[in-house]
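Summary of structural features
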Amino acid sequence: MIDIEAVSKTFETRQGRRHLALTGISLSVADGEFVSILGPSGCGKSTLLYIVGGFVAPSEGVAKVKGKPVTGPGPDRGPVFQEFALFPWKTVLGNVMYGLVQRGVSKVEAQERARELISLVHLTGYESFYPKELSGGMKQRVALARTLAYRPSILLMDEPFGALDAHTRTRLQNDLLDIWERDRKTVLFVTHSVEEAVFLSDRVAVMTRSPGRIKDIVAIDLPRPRLRADLLLDRRYQDYVVGIERLMETPAEEGA
Amino acid sequence: MGRIGALPGVPPLLAGVALLVAWEFAARLIGISGLPPATDALAQLPAILSDPESLLDIAASLRRMAIGFALALVVATPVGLMMGRSRTVAAFFNPLLMVIYPVPKAALMPIIMLWLGVGDASKTLVIFLGVSLPVIYHSYQGSRAVEEKVLWSAAAMGMDAPARLFHIVLPAALPEILIGCRTGLVLALITMVTSEMIARQTGVGNILFNALDMAQYDTVYAMIVIIGILGFLLDFVFERLRLRLVGWAEPAADIIVGTT
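A brief structural summary. (Residues numbered from 1 in each chain as written. Chains lettered and ligands numbered in written order. Predicted model: local features only at pLDDT ≥ 70, side-chain atom pairs only at ≥ 80, totals over all residues. Heavy atoms only, no water.)

With that settled, the discussion passes to the overall build of chain A. Scanning chain A from N- to C-terminus turns up eight helices and ten strands. The principal-axis extent of the C-alpha atoms belonging to chain A is close to 60 × 50 × 35 Å. Across the 256 residues of chain A, 53% fall into the buried class. Only carbon and sulfur atoms are counted for the fraction: they give 49% of the accessible area of chain A, which is about 11,400 Å². In chain A, 34 positive and 32 negative side-chain charges are present, and the distance between their average locations comes to 5 Å. (Helix = DSSP H or I, 4+ residues; strand = E, 2+ residues; numbered from the N terminus. Buried < 20%, exposed > 50% of the residue type's maximum accessible area, 1.4 Å probe, protein only. Areas by Shrake-Rupley, 256 points an atom, 1.4 Å probe, with all protein chains shown as cover. Lys, Arg positive; Asp, Glu negative; His and termini not counted. Charge placed at Lys NZ, Arg CZ, Asp CG, Glu CD.)

What follows is the structure, encoded as structure tokens:
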């Protein structure tokens, strides 16, 4: 589904210096797989996601989706950003409908589908609210519904719960898994939380600090559907979390 | 007093009355020549406002102002928005604007009159120039501040760059654009009057400066009051319109509905 092949990214700083953000990244994500990219802040993990999204061009290498090189953004890859990035001049309903209308769906049909999605993210009753009237968690629910509305086959999630408090974050993680279980879209999920990555993912790609490269890919062999309460008591879950935390602490062995 | 003073509209009314009282006393006690008492000036208002010729003058002024203002919005907003989204466009226009900004637009009036004559075209052009700069500047700032991720979200839906400028950047920058428009509205009124000071044919400025030449100070001050009231009414109507258009953007610290 997604094939990232030897991708590197160099940024030109304002002073004209070159900063190597990502180097030699190769990663494949299968159809219907939930893969997390885990790493410390500044390791370029979001940049990697933006490259797959077509928002940023790689300096070297290529990202392919369904075998075709990515040349720009497209509705087959739906982003969900940490900053929510809602359209503040549109109501909740207007935001969720936006992509559908843009894709040429009739207003009536778009409204109907938008209402289904608003219900899916538990926001029924808030259709006519503006983003400024919503809390962070609710904004992210709207953003998720807005992206799911136009039926992307891939979800690109950029630390979507990073700006939320712990309680809200947990609730949204549970709801995301619920929604994902229904149609198992391919998900690429960027996070710096080990627990979040283990709880949600089929595989976790652990990245090193700048320049970002993939240190290891850990397959999370835990049964689904996953229930938080069961998982927290599960010895295997704990082992994964501790194991990955240790992996992140050990310095990268250059040239090993 | 406390309760009445807190009613909407009462404080500005009190301020207006206080100004008139101070004016009246200053004129009567100090007796500056050329400063009529407020009551004498206000007594001229019915005469001016019932004279068809004066009303035509005022209407002519407002028409030029409306045309100049509208033209400025149509030209300045897209320029500002494009400057905010493209460094090349910004680099092209920025120095030009910095050169034009400090030049008093009314000071260009004599030069413009050489090209376009003393009629409506010159005056409308001066109003257009006066309004354009704040509108360009604020559109530019508003457009620059649009969150990149908001644009990316639209791009992922399949919207191309020209469509994003109109459908995303314009509404997202609208609160800032309208701040520029509010400044522009005041500048439109100022340039409207000064343009008529220099090219007198019709208009509010025509009545004002002709009365000044003939030492009819009651009329001069009555016209100043009329211009002030016009400014107040235009701003009042504009603010109502602005709040309707960008109510979604006003800060809303205390009306968040949930916690999750």
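With 35 residues of chain A in contact, the opposing surface of chain B contributes 26 residues. With both chains or domains summed, chain A and chain B bury close to 2,600 Å², and 67% of this area falls on carbon and sulfur atoms. Together, W89(A), Q102(A) and K132(A) form the three largest contributors to the area buried by chain A at its contact with chain B, with a combined 25%. In this assembly, chain A and chain B are joined by one salt bridge. Of the charged contacts, one joins E83(A) and K149(B) as a salt bridge, the two residues approaching to 2.9 Å between their closest N and O atoms. Linking chain A with chain B are five residue pairs in polar contact (both at pLDDT 80 or more). Residue assignment for the side of chain A that touches chain B shows that the elements contributing at least two residues are β6 (77–81), α2 (92–102), α4 (136–149) and α5 (166–183) of chain A. For the side of chain A that touches chain B, a count of residues per class yields 19 nonpolar, six polar and ten charged. (Contact = heavy atoms within 4.5 Å. Buried area = accessible area lost by both parts, 1.4 Å probe. Salt bridge = Lys/Arg side-chain N within 4 Å of Asp/Glu carboxyl O. Polar contact = N/O pair within 3.5 Å; in protein donor to acceptor, adjacent residues only side chain to side chain. Nonpolar A, V, L, I, M, F, W, Y, C, P; charged D, E, K, R; others polar.)

Both faces of the sheet carry side chains from a regular strand, because those side chains alternate between them. Among the five residues that make up β6(A), five are buried, leaving the element largely enclosed by the rest of the structure. Of the two faces of β6(A), the one lined by R77(A), P79(A) and F81(A) and the one lined by G78(A) and V80(A) are each fully buried.

Turning our eyes to something else, we now look at the packing of α2(A) against α4(A). All names here are of chain A. Between α2 and α4, the shortest axis-to-axis distance is 7 Å and the interhelical angle comes to 25°. When the axes of α2 and α4 are compared, the pair comes out roughly parallel. The element α2 and its partner α4 pack so that their crossing is right-handed. Contact residues: α2 offers V92, N95, V96 and L100, while α4 offers V142, A145, R146 and A149. Considering only residue class, the contact of α2 with α4 consists of six nonpolar, one polar and one charged. (Axes fitted to C-alpha atoms, helices over the stretch in contact; angles between N-to-C directions. Parallel < 35°, antiparallel > 145°, perpendicular 65-115°, else oblique. Left-handed = near helix turned anticlockwise from the far one by under 90°.)

Below, the discussion takes up the layout of surface pockets. Residue and element names in this part refer to chain B. In this structure, the largest pocket spans a volume of roughly 450 Å³. Lining of the largest pocket is provided by P12, L13, G16, V17, L19, L20, W23, L42, V225, G228, I229 and F232. Going through the elements one at a time, α2 (10–30) and α12 (217–245) are the ones with two or more residues in the lining of the largest pocket. The element contributing the most residues to the lining of the largest pocket is α2, with seven residues. For the lining of the largest pocket, the residue count by class is ten nonpolar, two polar and no charged. (1 Å grid on protein atoms, 1.4 Å probe; cavity = no way out; pocket = protein on both sides within 12 Å on 5 of 7 lines; lining within 4 Å. Points joined across faces, edges and corners; volume = space filled by probe spheres on them.)

Moving on, we get to the nonpolar core. In this structure, I2(A), I4(A), L48(A), F87(A), L188(A) and I168(B) are the most contacted members of the largest nonpolar core, which totals 89 residues. Tallying contributions element by element places helix α10 (residues 161–198) of chain B first for this core, with eleven residues. Setting aside chain neighbours within four positions, we find I2(A) in contact with L27(A), S28(A), V29(A), V52(A), K64(A), I154(A), T186(A) and L188(A). Formed by 51 residues, the second largest nonpolar core is a distinct cluster that contains L93(A), A145(A), A197(A) and L200(A). (Core = buried A, V, L, I, M, F, W, Y, C linked by side-chain atoms within 4.5 Å.)

Here the focus is empty space enclosed by the protein. One simple way to see leftover space: roll a probe sized like a water molecule over the atoms. Residues and elements named next belong to chain A. All told, the structure shown has one cavity of 30 Å³ or more when counted by the stated rule. Estimated volume of the largest cavity: approximately 50 Å³. In this structure, the largest cavity is lined by L144, L148, L155, L176, I179, W180, D183 and K185. Tallied by class, residues from the lining of the largest cavity come to six nonpolar, no polar and two charged.

All names here are of chain A. Read across the open sheet, the four strands follow the order β2-β1-β4-β5; overall the sheet is antiparallel. Where the open sheet ends on each side, the last strands, each with one partner, are β2 (18–29) and β5 (68–69). In terms of strand pairing, strand β1 (residues 2–12) meets β2 through eight bridges, oriented antiparallel. The partner of D3 across the bridge, within β2, is S28. Helix α1 (residues 45–53) rests against β1, β2 and β4 (60–65) of the sheet, and its axis sits at about 115° to β1. (Pairing = 2+ DSSP bridges.)

The next thing to look at is the sheet that holds strand β8 (residues 186–191) of chain A. One key point about sheets: their strands pair by backbone hydrogen bonds, in either a parallel or an antiparallel sense. Taken in spatial order, the six strands line up as β6-β7-β8-β3-β9-β10 (chain A) in an open sheet, and their pairing is mixed. The open sheet is flanked by β6 and β10 (214–219) of chain A, the only strands paired with a single partner. Averaged over neighbouring strand pairs, the angle between their axes works out to 15° when direction is ignored. Sheet topology places strand β7 (residues 154–158) of chain A next to β8(A); five bridges connect them, and they run parallel. Of the residues in β8(A), the one forming a bridge with L156(A) is L188(A). Against the sheet, α5(A) contacts β3 (34–38), β7 and β8 of chain A, and its axis sits at roughly 165° relative to β8(A). Contacting β6 and β7 of chain A, helix α9 (residues 148–156) of chain B crosses the sheet at an angle of about 160° to β6(A).

Residues and elements named next belong to chain A. For the bond from R224 to P225, the omega torsion is -5°, close enough to zero to count as cis. Assignment of secondary structure puts P225 in the loop between β10 and α7 (228–233). Positioned with a positive phi, H122 is a non-glycine residue whose angle comes to about 60°. Within the element layout of this structure, H122 appears in the loop between α3 (107–120) and α4. Judged by relative accessible area, which is 54%, H122 ranks as exposed.

Before going further, it helps to examine the pattern of salt bridges. All told, the structure shown has 21 salt bridges over all chains when counted by the stated rule. A salt bridge links R141(A) to D175(A); the nearest nitrogen and oxygen atoms lie 2.8 Å apart. With R141(A) in helix α4 and D175(A) in helix α5, this residue pair connects regions lying 34 residues apart in the sequence. The pair R141(A) / D175(A) is uniform in exposure class, with both members buried. Between E196(B) and R64(B) there is a salt bridge, with the nearest N and O atoms lying 2.7 Å from each other. A residue pair is termed long-range when its members are at least 10 positions apart, and E196(B) in helix α10 and R64(B) in helix α5 (residues 52–85) qualify at 132 residues.

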